[in-house]
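An overview of the molecular structure
The chain contents come next:
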Amino acid sequence: MARDAFLSRVPVPKDNVHAMPTEGLSPEQAAVAYEATLKRFYGADTLDPGRPLFDVTLLGIGDNGHTASLFPGQAALQETRRWVVAVVGAVSEARISLTYPAIDSSREVAFVVAGKEKRDVVARAQ
């Protein structure tokens with residue numbers, strides 16, 4: 001979806017786009033695999049505040065206030081070392097998500113939000 005909506009319209013090198021793996025992996029395995037991919041691309045195991053992991057991070061927001069599959073009240077919100085985590089039990093389907101440290105390691109972060117049902121949660125976030 002991101003490729004069709006955004007990435008196909010700008011000159012982003014394919015080596016700079018890293019889809020989260022999901023085929024044939026548990027959420028925990030997918031999180032570990034994606035974190036390893038990001039660390040290889042970044043060239044280090046720790047994030048340097050002076051060198052962002054991402055140039056641009058586009059996020060949505062759910063009508064319950066979640067973003068990047070980080071749901072209110074979940075342990076993933078407290079994660080400070082991992083870059084990617086499995087999110088199990090927040091909603092019916094398991095997900096994987098970037099953590100706040102990984103998202104924070106972005107040169108620019110923007111939210112793309114549509115739908116009047118999200119108006120209240122966006123107002124609370126401002």
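None of the values given here were measured: they were computed from a predicted structure. (Residues numbered from 1 in each chain as written. Predicted model: local features only at pLDDT ≥ 70, side-chain atom pairs only at ≥ 80, totals over all residues. Heavy atoms only, no water.)

1. Description of the overall build of the chain
When helices and strands are tallied, the chain shows four helices and four strands. N-terminal to C-terminal, the α/β element order of the chain is α-α-β-β-β-α-β-α. For 126 residues, the compact-globule estimate of 2.2 N^0.38 gives 14 Å, and the chain sits close to it at 15 Å. Projecting the C-alpha coordinates of the chain onto the three principal axes gives extents of approximately 40 × 35 × 30 Å. The buried share of the chain, taken over its 126 residues, is 26%. For the chain, the proportion of contacts with a sequence separation of at least 24, taken over those separated by at least 6, is 57%. Surface accessibility of the chain: about 8,400 Å² in total, with carbon and sulfur atoms responsible for 52%. Looking at the chain, you have 14 positive and 15 negative side-chain charges, and the mean spots of the two groups are 3 Å apart. (Helix = DSSP H or I, 4+ residues; strand = E, 2+ residues; numbered from the N terminus. Rg over C-alpha atoms; globule rule 2.2 N^0.38 Å. Buried < 20%, exposed > 50% of the residue type's maximum accessible area, 1.4 Å probe, protein only. Contact = heavy atoms within 4.5 Å. Areas by Shrake-Rupley, 256 points an atom, 1.4 Å probe, with all protein chains shown as cover. Lys, Arg positive; Asp, Glu negative; His and termini not counted. Charge placed at Lys NZ, Arg CZ, Asp CG, Glu CD.)

2. Regarding the layout of surface pockets
The calculated volume of the largest pocket comes to roughly 1,500 Å³. Taken together, 35 residues line the largest pocket, and the ones lying closest to its centre are A2, L7, V56, T57 and L58. For the lining of the largest pocket, the secondary structure elements donating two or more residues are α1 (2-5), α2 (27-42), β1 (54-59) and β3 (95-98). No other element matches the six residues that β1 contributes to the lining of the largest pocket. Considering only residue class, the lining of the largest pocket consists of 26 nonpolar, six polar and three charged. Taken as a whole, the second largest pocket encloses approximately 160 Å³ of empty space. Taken together, I61, G65, T67, F111, V113, V122 and A125 make up the lining of the second largest pocket. The residue makeup of the lining of the second largest pocket, split by class, is five nonpolar, two polar and no charged. (1 Å grid on protein atoms, 1.4 Å probe; cavity = no way out; pocket = protein on both sides within 12 Å on 5 of 7 lines; lining within 4 Å. Points joined across faces, edges and corners; volume = space filled by probe spheres on them. Nonpolar A, V, L, I, M, F, W, Y, C, P; charged D, E, K, R; others polar.)

3. Observations concerning the packing of aromatic side chains
Tallied over the entire structure, the rule returns one aromatic pair. For R51, the ring lying beneath its charged end belongs to Y42, and the centroid distance is 3.8 Å. (Phe/Tyr/Trp six-rings, centres within 6.5 Å; stacked < 30°, edge-to-face > 60°. Lys NZ or Arg CZ within 6 Å of the ring centre and 35° of its normal.)

4. Some words on a nonpolar patch on the surface
Side chains of F6, V56, L58 and V112 sit close together on the surface and give an oily, nonpolar patch of about 360 Å² of accessible area. With respect to the helices, strands and loops of the structure, L58 is situated in strand β1. Overall, the relative accessible area of 42% leaves L58 in the partly exposed class. (Patch = residues over 30% accessible without salt bridge, like charges linked within 9 Å, V, L, I, M, F, W, Y side chains within 5 Å. Salt bridge = Lys/Arg side-chain N within 4 Å of Asp/Glu carboxyl O.)

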